[in-house]
Amino acid sequence: MKAAVFTGDSPTLQIEELTRPEPSRGEVLIQVAACGVCHTDLHVLKSEVAFPVPAVLGHEVSGTVAGVGPDVTGVSVGDRVVCSFIMPCGTCRHCVRGHEDLCETFFAYNRLKGTLYDGTTRLFRDDGSPVWMYSMGGLAEYCVVPATDVFAVPDDVDLADVSIVGCSSFTAYGAVSNVAGLGMGDKVAVVAAGGVGSSVIQFARAAGVAQVIAVDVSDEKLAAAKALGATDVVNSLTEDAAARIIELSGGKGVDVAFEALGRKDTFALAVDVLDDGGRAVVVGIAPAGSRGDIDLARLVRRKLSILGSYGARARTDMPQLINLVRQGVVSPKDVITRRYSLDEAPEAYTALSRGEIVGRAVIDIS
Ligand SMILES: NC(=O)c1ccc[n+]([C@@H]2O[C@H](COP(=O)([O-])OP(=O)(O)OC[C@H]3O[C@@H](n4cnc5c(N)ncnc54)[C@H](O)[C@@H]3O)[C@@H](O)[C@H]2O)c1
Ligand SMILES: [Zn+2]
Ligand SMILES: [Zn+2]
């Protein structure tokens, strides 16, 4: 099968032929329909997030079931499905409490070693050498996913568009619905309106909040953010973003600020614009070891909260999320602005790196 491989030699992908993978016990083989282009893959390509090489990246996947391993029930060949980037093991101490966003097996095996949960990869070059998997390794014609992470897509939902539910919508849903504790009258800022930030804007509006202030460095992205429901926009390159957000919010700041980039300065901005009692929900992934500065006296006296948010709880939240898409409450299609073929995957990540992608790009694979 064809796959886009990160070899580690340069921050790009190369198209290779790999052996078509086989599902093991409890796993599902998926013929990939589409895979979203996420900045977390770009962090890996730029070595800002450590990962073994060679590897197939791509973790926003939809497709059709092409095979099932032993002991898989409830999923059949031909089913249309979507997968979330956190593939829960279902049995670790966090998963059994329903906290699948903390699955420690996923971290220990997949994020640290690039394998599935028996400690081996399903991907190999034709000479038999292993290729590691970032989540399911979705930038390929086929991928293998634990059955705990395979969710049915209704016939009336577009299969390619729903791919981005697997990370950007999933992450936005987790941040907005599980972590932010939004109330309808709340004022919200979204710092960085890229693929994830755009989805956060959509979901915050769907949650009914009064004001969503989008912040970015690109007027084109801010115009798109307005179309998705942002009530106000701030270009942090041309304006004093903190002062402007506080002014737009009526002088006191926002109840919740989402940080969707992963930098020290955008983290600081998200904290600086909080009203008393406000929550900063941090979604952007900074390079490992990065530290943010925060005024400890203000944190305490103004009762601020700093909340990390990583994905969502796959088996609890993916069915809800797919239902929200089906009902038109949120629309992945409105976030997708570019489509590439698998051969063009290297160009897609170059465009993302240059800041050229408004919303989300997807790789259409079959
Ligand atoms: N927590 C999670 O579960 C999770 C999931 C997916 C992605 N992420 C992380 O979220 C972050 C965003 O991912 P993405 O795919 O949306 O990236 P993206 O490249 O699509 O978007 C980044 C956005 O930031 C904007 N930007 C750049 N510099 C800025 C600045 N100084 N101030 C404000 N905006 C600025 C860009 O114009 C762009 O719109 C990444 O760090 C990614 O790794 C986290
Ligand atoms: Zn992602
Ligand atoms: Zn687990």
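What counts, and at which threshold
Residue numbering note: each chain is counted from 1, following its sequence as written. Numbering of ligands from 1 and lettering of chains from A proceed in the order in which they are written. Local features in a predicted model are, by the rule used here, given only for residues with pLDDT of at least 70; side-chain atom pairs are given and counted only at 80 or more, and totals for whole chains, interfaces and linings are based on all residues. Calculation of side-chain values draws on the structure's entire complement of heavy atoms; hydrogens and water are dropped beforehand. Pairs of strands are assigned from DSSP output, requiring at least two bridges between the strands. Runs of H or I in DSSP of at least four residues are treated as helices and runs of E of at least two as strands, each being numbered from the N terminus. The axes used here are C-alpha line fits, helices contributing only the stretch in contact, and every angle between their N-to-C directions lies in the interval 0 to 180 degrees. Metal donors: N, O and S atoms at distances within 2.8 Å, or within 3.2 Å for Na, K and Ca, with water omitted from the atom set so that some sites may seem incomplete. Categorising residues by exposure relies on relative accessible area from a 1.4 Å probe, with only protein chains included: less than 20% of the type maximum marks a residue as buried, more than 50% marks it as exposed, and the intermediate range marks it as partly exposed. The near set for a molecule or strand comprises every residue that places at least one heavy atom within 4 Å of it. In protein, a polar contact requires one atom able to donate a hydrogen and another able to accept it; more generally it is a pair of N or O atoms within 3.5 Å, and residues adjacent in sequence count only if both atoms are side-chain atoms. Calculation of accessible area relied on Shrake-Rupley with a 1.4 Å probe; when residues are assessed, cover is drawn exclusively from the protein chains displayed. Residue classes follow a fixed rule: Ala, Val, Leu, Ile, Met, Phe, Trp, Tyr, Cys and Pro count as nonpolar, while Asp, Glu, Lys and Arg count as charged, and any other residue, Gly among them, counts as polar. Throughout this description, the term salt bridge denotes a Lys or Arg side-chain nitrogen within 4 Å of a carboxyl oxygen of Asp or Glu. Note on geometry labels: four donors, all angles 85 to 135 degrees, give tetrahedral; four donors become square planar and six octahedral when opposite donors are over 155 degrees apart and every other angle is between 65 and 115; remaining cases are irregular. Planes of paired rings set the category: under 30 degrees apart is stacked, over 60 is edge-to-face and the rest tilted, where pairs are Phe, Tyr or Trp rings (Trp by its six-membered ring) whose centres lie within 6.5 Å. By definition, the arc is the one covered by directions from the helix axis to the C-beta atoms.

Our next topic: the sheet that holds strand 15 (residues 274-282). What the six strands build is an open sheet, ordered 13-12-11-14-15-16; its pairing is parallel. The open sheet terminates on both sides in strands that have one partner only, identified here as strand 13 (232-235) and strand 16 (305-308). Across the sheet, the mean angle from the axis of one strand to that of its neighbour is 20 degrees, orientation sign disregarded. Judged from the four bridges that link them, strand 12 (residues 211-216) and strand 13 form a sheet pairing that is parallel. Bridge pairing in strand 13 places Ala214 opposite Val233.

To continue, consider the coordination of the zinc ion (ligand 2). Donor atoms from the polypeptide that bind the zinc ion (ligand 2) are Cys38 (SG), His59 (NE2) and Cys167 (SG), placed at 2.0 to 2.3 Å. Between consecutive donor residues of the zinc ion (ligand 2), the sequence gaps follow C-x20-H-x107-C. In this pair, His59 is assigned in the loop between strand 4 (55-56) and strand 5 (61-68) and Cys167 in the loop between strand 10 (151-152) and helix 4 (168-179), connecting sequence segments 108 residues apart. Classification of His59 by relative accessible area gives buried; the value is 2%.

Take the site of ligand 1 next. Taken together, 28 residues are adjacent to ligand 1, and His39, Thr40, Val196, Asp216 and Arg360 come closest. Between Ile285 and ligand 1, the recorded distance is 3.0 Å, taken from a backbone N or O atom to an oxygen atom. Expressed as a share of its isolated accessible area of 860 Å², the protein-covered part of ligand 1 is 92%. Counting residues per element, the shell around ligand 1 draws most heavily on helix 1 (residues 39-45), which supplies three residues. For the shell around ligand 1, a count of residues per class yields 13 nonpolar, eleven polar and four charged.

The next point concerns the pattern of salt bridges. Evaluated as defined, the whole model comprises 17 salt bridges. Arg122 is paired through a salt bridge with Glu27; the nearest N and O atoms lie 2.8 Å apart. With a gap of 95 residues between them, Arg122 in the loop between helix 3 (104-113) and strand 7 (123-124) and Glu27 in strand 3 (residues 27-36) connect regions that are remote in the sequence. A residue is classified by how much of its surface remains accessible, and Arg122, at 6% relative accessible area, is buried. One connected set of salt bridges, linked through shared partners, spans Glu27, Asp118 and Arg122.

On to unusual backbone geometry, then. With an omega of -5 degrees, the peptide bond running from Val53 to Pro54 counts as cis. Along the chain, Pro54 falls in the loop between helix 1 and strand 4. The phi dihedral of Ser135 falls on the positive side, at around 50 degrees, and the residue is not glycine. Assessed through its relative accessible area of 0%, Ser135 is described here as buried. Residues other than glycine seldom take positive phi values, yet Lys303 does so here, at roughly 55 degrees. Here Lys303 shows up in the loop between helix 9 (296-301) and strand 16. Residue classification places Lys303 among the exposed positions, given a relative accessible area of 66%.

Here we take up the coordination of the zinc ion (ligand 3). The protein atoms that coordinate the zinc ion (ligand 3) are Cys89 (SG), Cys92 (SG), Cys95 (SG) and Cys103 (SG), at distances spanning 2.3 to 2.4 Å. Angles of 103 to 118 degrees at the metal separate the four donor atoms of the zinc ion (ligand 3), which places the site in the tetrahedral class. Positions of the donor residues of the zinc ion (ligand 3) along the chain correspond to the pattern C-x2-C-x2-C-x7-C.

Once that is clear, we can look at the packing of aromatic side chains. Applying the stated criterion to the full structure yields seven aromatic pairs. When the ring of Phe106 is compared with that of Phe107, the centres are 5.6 Å apart and the planes differ by 75 degrees; the resulting orientation is edge-to-face. The interplanar angle of 40 degrees and the centroid separation of 5.4 Å between the aromatic rings of Phe107 and Tyr310 together place this pair among those described as tilted. Linking Phe107 in helix 3 with Tyr310 in the loop between strand 16 and helix 10 (314-326), this pair joins segments that are 203 residues apart in sequence. For Tyr310, a relative accessible area of 25% corresponds to the partly exposed category.

A sheet is described by the order of its strands in space; here five strands give the open sequence 2-1-4-8-7, paired in mixed fashion. Where the open sheet ends on each side, the last strands, each with one partner, are strand 2 (14-17) and strand 7. Bridging between strand 7 and strand 8 (residues 130-133) involves two bridges; their strand directions are antiparallel. Paired with Leu123 across the strands is Val131, a residue of strand 8.

Here we come to the pairing of strand 1 (residues 2-6). Across the five residues of strand 1, four count as buried, placing the element largely inside the fold. Two elements, strand 1 and strand 2, share four bridges in a ladder whose sense is antiparallel. In the strand pairing of strand 2, Ala3 is matched with Glu16. As defined by bridge partners, strand 1 adjoins strand 4 across two bridges and the pair is classed as antiparallel. Bridging from a neighbouring strand, Phe6 pairs with Ala55 of strand 4.

To continue, consider helix 6 (residues 219-227). Looking only at helix 6, the buried set comprises Lys221, Leu222 and Ala225. The buried residues of helix 6 occupy an angular sector of 100 degrees when projected down its axis, which confines them to one face. Seen from the buried face of helix 6, the exposed residues on the opposite side, beyond 90 degrees, are Asp219, Glu220 and Ala227. Gly229 occupies a position one or two residues after helix 6 and carries a positive phi of about 125 degrees.

Scope: geometric values only; no functional claims are made or implied.
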